[in-house]
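What follows is the residue order along each chain.
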Amino acid sequence: SRTLLALSLRNTSVSAAGGLFFAGALAENAVLATLDLSDCAFGDTAVEGLAMALEVNGTLRSLTLANTRMTDASGVPLARALAANRALQHIDVRQNRLRDATAAALGNALATSPSLMIVNVAANRITAAGFD
């Protein structure tokens, strides 16, 4: 059986529309375990779509969204989806435009998710207040 378990589109020209396409596919997918969309710079709209997909996806274990131009507008909904997700173990959102609101929501996700173990928020705009 041939099954796609990992997909990396790192540093490609995936647009916001392309990001939404992957969000829709992720909502339906029952096998993909690793998805890397870093350096795609598709912004908040696509990340919000991915957040909705994570609410129903039960197989993805690792998601990399580094340098996707994400802000708190999509970071907070993403973190809320992570709190509800029961499969994701690792999320990488480094090098974005995230602030304290997303950091607080990610802290809540870490506290409530039974699977989430690794969150990378390096090189964002988060202050110490975001971790209180």
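Please read these numbers as outputs of a predicted model, since none were measured by experiment. (Residues numbered from 1 in each chain as written. Predicted model: local features only at pLDDT ≥ 70, side-chain atom pairs only at ≥ 80, totals over all residues. Heavy atoms only, no water.)

**Regarding the pattern of salt bridges**
Applying the stated criterion across every chain yields a total of three salt bridges. With a shortest N-O distance of 4.0 Å, aspartate 36 and arginine 10 are connected by a salt bridge. Within this pair, whereas aspartate 36 is found in strand 2 (residues 34–36), its partner arginine 10 is found in the loop between strand 1 (6–8) and helix 1 (16–28), the two being separated by 26 residues in sequence. Given the relative accessible area of 13%, aspartate 36 is considered buried. Given the relative accessible area of 42%, arginine 10 is considered partly exposed. The partner of aspartate 92 in a salt bridge is arginine 94, with the nearest N and O atoms 1.9 Å apart. Residues participating in the shared-partner salt-bridge network are Arg10, Asp36 and Asp39. (Salt bridge = Lys/Arg side-chain N within 4 Å of Asp/Glu carboxyl O. Helix = DSSP H or I, 4+ residues; strand = E, 2+ residues; numbered from the N terminus. Buried < 20%, exposed > 50% of the residue type's maximum accessible area, 1.4 Å probe, protein only.)

**Here we look at the packing of aromatic side chains**
How two aromatic rings sit relative to each other is set out by the distance from centre to centre and by the angle between their planes. Enumeration over the complete set of coordinates arrives at one aromatic pair. Ring plane angle 75° and centroid distance 5.5 Å describe the contact between phenylalanine 21 and phenylalanine 22, whose orientation is recorded as edge-to-face. The exposure class assigned to phenylalanine 21 is exposed, which follows from its relative accessible area of 58%. (Phe/Tyr/Trp six-rings, centres within 6.5 Å; stacked < 30°, edge-to-face > 60°.)

**Brief notes about the side chain of threonine 102**
When you line up the elements, threonine 102 lands in helix 4 (residues 100–112). Setting aside residues no more than four positions away along its own chain, threonine 102 makes contact with Asp72, Gly75, Val76 and Ala79. (Contact = heavy atoms within 4.5 Å.)

**Notes on the sheet that holds strand 3 (residues 62–64)**
Reading across from one edge, 1-2-3-4-5 is the order of the five strands in this open sheet, with parallel pairing throughout. A single partner strand is all that each edge strand has here, and the edge strands are strand 1 and strand 5 (118–120). Each strand of the sheet is rotated relative to its neighbour by a mean of 0°, with strand direction disregarded. Looking at chain direction, strand 3 and strand 4 (residues 90–92) are connected through three bridges and run parallel. For leucine 63, the partnering residue across the bridge sits in strand 4 and is isoleucine 91. (Pairing = 2+ DSSP bridges. Axes fitted to C-alpha atoms, helices over the stretch in contact; angles between N-to-C directions.)

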